[in-house]
Amino acid sequence: MKYKTIRETVEALKSGETSSVALVKESKETFEADKNSALPLNAFLEIYDDILKSAEAADQKISEARSSGSLEKLFDEQPLLGIPFAVKDNISVRGKKLTCSSKILEGYVAPYSATVINRLEKAGAIPIGRCNQDEFAMGSSTEYSVYGPTRNPIDRAYVSGGSSGGPAAAVAANQALFALGTETGGSVRLPASYCGIYGLKTTYGVLSRWGVVAYGSSLDQVGILGHTPQDIALPLSVMSGVDFYDDTSADLPDAKPSVNAFSDFFKLKIAVPKQFLESKGMNADVAKVFEETRGWFESKGAKIEVVDLPILDAAIASYYVIALSEAASNLSRFDGIRYGNRIDNGKGYDELYVDTRSNGFGPEVKRRIIIGNYVLSEQFSGDTYKKGMSVRARIQREIAKLFEQFDLILCPTCPTPAFKLGQKVDDPLAMYLSDLFTTFVNLARIPSLSVPAGRTSLENGNMPVGIQFAGPMFSEMKILEIAQAWENEHKGCGIPVAEEK
Ligand code: GLN
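Residues numbered from 1 in each chain as written. Predicted model: local features only at pLDDT ≥ 70, side-chain atom pairs only at ≥ 80, totals over all residues. Heavy atoms only, no water.

A look at the overall build of the protein
Here is step 1: Across its full length, the protein carries 17 helices and 13 strands.
Here is step 2: A compact globule built from 501 residues would reach a C-alpha radius of gyration of about 23 Å, and the protein, at 22 Å, matches this within 12%.
Here is step 3: Projected onto the principal axes, the alpha-carbon positions of the protein cover approximately 70 × 60 × 50 Å.
Here is step 4: The buried share among the 501 residues of the protein stands at 60%.
Here is step 5: Separation of charge centres in the protein, based on 54 positive and 62 negative side chains, amounts to 1 Å. (Helix = DSSP H or I, 4+ residues; strand = E, 2+ residues; numbered from the N terminus. Rg over C-alpha atoms; globule rule 2.2 N^0.38 Å. Buried < 20%, exposed > 50% of the residue type's maximum accessible area, 1.4 Å probe, protein only. Lys, Arg positive; Asp, Glu negative; His and termini not counted. Charge placed at Lys NZ, Arg CZ, Asp CG, Glu CD.)

Spelled out as structure tokens, the structure:
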């Protein structure tokens, strides 16, 4: 699929220059060709078998509206008509497999669709397939998947980032126009950064969690991956808002299908946390790209101030305590009785439970269940869980206070760019540190967008580097406007997808 924005594609659909059938066929052909290549990307796990039918129905509607002169009206009602998108393997699409890239859910079929999927389908978009991820969204590289890793489309020796590595790679490799991932601690922004595209984590509640497999419920949000801020705004406007099935859902007051590039830069006050700038783990190339981005904001007239937020040093510890506690609790439903492939050797319930879970979960998920249960145990919860929660409360308070004076927090998405496959897979702590700059956003429940801002040096692989634009709660549209101004001048930093290396 030649890279085009959603807007350009919609225009091409209206004019008849392309058809929805042509778009989905191209996705399927790229998927098939990739599957048989020497180093498959492994972005999609499956392309659904009924996409052609949905695309034909969309084309039929378009051609009827063209003959009756009501094309504009049709696209006002269904702004994503005929547009293919990719879905992470933990978001339910009715009648389709849903496995969270785990053996325990192999063969499970979703009995209903997530609200985000229903809303996209109502707007005419077509879910074309299921994408790879770290098992149960636990990881930062999409190497913890029972289906093997997803490679980075920019250079296949590198990881795509995680846990939404499949959706990010699908978009970056032009196999879908946009994709849905999920975030608990950075899983959309991180792979967006590694693959050189935009990835938005919304304010907690803006996107319904109904039909999305829970990891850490107080942190989880669906996220959107796309080639431009505009390409994120449109699906966001269609999906956002209160959902009867999710009590934590909330409206995005100024949701709009399109964004104009921001221009009032001289009014913009930006905070750069000192704790991130001085982080020991910060890669030199990432620091350089960050300085260039900061320079761009200054050249436009924005005021930038380095702020001291010592509590950020505790964000990652607080995140892993809370996320793993919630995970241990959420994953208890995969017991072979309520959910999960049962292993019953006829020795009673205890054995059934142990055998099912021992066999079904991979090592990283087991590690997290053990840590989560340990943290929640009566003996230790006062020391760890409650402390984690009080750090979180402080982060929320201090970030809210910061936004009384500033419009944006600017920092790199990750301390490092994409790394080579296998480099961190046996070192869980090194993997956890990939989330050093992302988790405070989920803890504070604010929105943040990873913006493709530059590349590492040629010697270091010339890989993409993402910078985060984070704002106060419900500031998604403003963040996207600011990023659109960036995009208009930088065009995604011209990151081309390399031929397979
Ligand atoms: N890498 C983080 C973790 O493993 C974040 C994952 C996520 O956002 N789903 O918990």
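Next comes the rest of the account.
Quick look at the UniProt feature "domain: Amidase" (unreviewed entry) in the protein
Here is step 1: Taking the UniProt record as the reference, the feature "domain: Amidase" (unreviewed entry) is found at residues 41–480.
Here is step 2: Counting secondary structure, residues 41–480 comes out at 36% helix and 15% strand; the distance between its end C-alpha atoms is 29 Å. (UniProt positions renumbered as here; feature names shortened; annotations may be inferred.)

A short note on the UniProt feature "active site" (unreviewed entry) in the protein
Here is step 1: Here, UniProt's "active site" (unreviewed entry) annotation points to Lys88, Ser163 and Ser187. Across 100 residues in sequence, these annotated residues keep their C-alpha atoms within 11.0 Å of one another, forming a single compact spot.
Here is step 2: Turning to its location among the elements, Ser163 is positioned in the loop between strand S5 (155–159) and helix H6 (165–172).
Here is step 3: Contacts of Ser163, omitting those with residues within four sequence positions, involve Lys88, Asn132, Gln133, Asp134, Ala137, Met138, Gly139, Ser140, Thr142, Thr182 and Ser187.
Here is step 4: Positionally, Ser187 belongs in the loop between strand S6 (178–183) and helix H7 (189–195).
Here is step 5: The exposure class assigned to Ser187 is buried, which follows from its relative accessible area of 7%.
Here is step 6: When residues no more than four places from it in sequence are discounted, the contact partners of Ser187 are Lys88, Ala137, Gly139, Gly162, Ser163, Ser164 and Thr182. (Contact = heavy atoms within 4.5 Å.)

Some remarks on the pattern of salt bridges
Here is step 1: Counted by the stated rule, this structure contains 22 salt bridges.
Here is step 2: Between Glu72 and Lys14 there is a salt bridge, with the nearest N and O atoms lying 3.2 Å from each other. Taken together, the residues span a long stretch of sequence, with Glu72 in helix H4 (residues 71–77) and Lys14 in helix H1 (residues 6–15) at a distance of 58 residues.
Here is step 3: Taking the relative accessible area as the measure of exposure, Lys14 reaches 12% and is therefore buried. (Salt bridge = Lys/Arg side-chain N within 4 Å of Asp/Glu carboxyl O.)

Side note on the site of the ligand
Here is step 1: Taken together, 15 residues lie around the ligand, and Thr184, Gly185, Ser187, Tyr215 and Tyr319 are the ones closest in.
Here is step 2: Within the contact set of the ligand, a nitrogen atom lies 2.9 Å away from a side-chain nitrogen or oxygen of Ser140.
Here is step 3: The contact in question runs from an oxygen atom of the ligand to an N or O atom on the backbone of Gly185, over 2.6 Å.
Here is step 4: In the complex, 100% of the free accessible area of the ligand, which totals 290 Å², lies under the protein chains.
Here is step 5: For the shell around the ligand, the per-class residue count stands at five nonpolar, seven polar and three charged. (Near = heavy atom within 4 Å. Polar contact = N/O pair within 3.5 Å; in protein donor to acceptor, adjacent residues only side chain to side chain. Areas by Shrake-Rupley, 256 points an atom, 1.4 Å probe, with all protein chains shown as cover. Nonpolar A, V, L, I, M, F, W, Y, C, P; charged D, E, K, R; others polar.)

Some remarks on the environment of Thr150
Here is step 1: Within the secondary structure layout, Thr150 lies in the loop between strand S3 (126–131) and strand S4 (151–152).
Here is step 2: Its relative accessible area of 0% is what places Thr150 among the buried residues.
Here is step 3: In this structure, the C-alpha to C-alpha distance between Thr150 and Ala169, residues 19 residues apart in sequence, is 7.5 Å.
Here is step 4: Leaving out residues up to four positions away in the same chain, Thr150 has contacts with Leu41, Asn42, Ala43, Asn132, Ser141, Thr142, Val159, Ser160, Gly165, Gly166 and Ala169.

Observations regarding the pairing of strand S2 (residues 84–88)
Here is step 1: For S2, the tally of buried residues reaches five of five residues, placing the bulk of the element in the interior.
Here is step 2: Of the two faces of S2, the one carrying Pro84, Ala86 and Lys88 and the one carrying Phe85 and Val87 are both buried.
Here is step 3: Sheet analysis places S2 next to S3, joined by five bridges and oriented parallel. Paired with Val87 across the two strands is Arg130, which belongs to S3.
Here is step 4: Tracing the backbone out of S2, into helix H5 (residues 115–122) and back to the parallel element S3 gives a crossover that is right-handed.
Here is step 5: Pairing of S2 with S6, which is carried by three bridges, proceeds in the parallel orientation. Looking across to S6, one finds that Ala86 is bridged to Ala179. (Pairing = 2+ DSSP bridges. Right-handed = clockwise from strand over helix to strand, strands pointing away.)

Comments concerning the packing of H1 against helix H3 (residues 51–68)
Here is step 1: One way to put it is that H1 packs onto H3 with a least axis distance of 9 Å and a crossing angle of 60 degrees. With respect to H3, the axis of H1 lies oblique. On the side of H1, the interface is formed by Leu13, Lys14 and Ser15, while H3 contributes Asp59, Ile62 and Arg66.
Here is step 2: Within the contact of H1 with H3, the residues separate by chemical class into two nonpolar, one polar and three charged. (Axes fitted to C-alpha atoms, helices over the stretch in contact; angles between N-to-C directions. Parallel < 35°, antiparallel > 145°, perpendicular 65-115°, else oblique.)

Examining H1
Here is step 1: Of the positions making up H1, those classed as buried are Ile6, Thr9, Val10, Ala12, Leu13 and Lys14.
Here is step 2: Looking at the buried positions of H1, the neighbouring elements they touch are helix H2 (20–35), H3, H4, S6 and helix H8 (229–239).
Here is step 3: With its phi angle positive at about 90 degrees, Gly16 sits one or two positions after the end of H1.

Focus: the side chain of Lys96
Here is step 1: Mapped onto the elements, Lys96 comes out in the loop between S2 and H5.
Here is step 2: With residues up to four places along the chain from it excluded, the contact list for Lys96 reads Tyr48, Asp49, Asp50, Tyr108, Val109 and Ala110.

Describing the environment of Gly372
Here is step 1: Relative to the helices and strands, Gly372 resides in helix H13 (residues 363–376).
Here is step 2: Distance in space between the C-alpha atoms of Gly372 and Ala327 is 6.9 Å, their sequence separation being 45 residues.
Here is step 3: Leaving out residues up to four positions away in the same chain, Gly372 has contacts with Leu324, Ser325 and Ala328.

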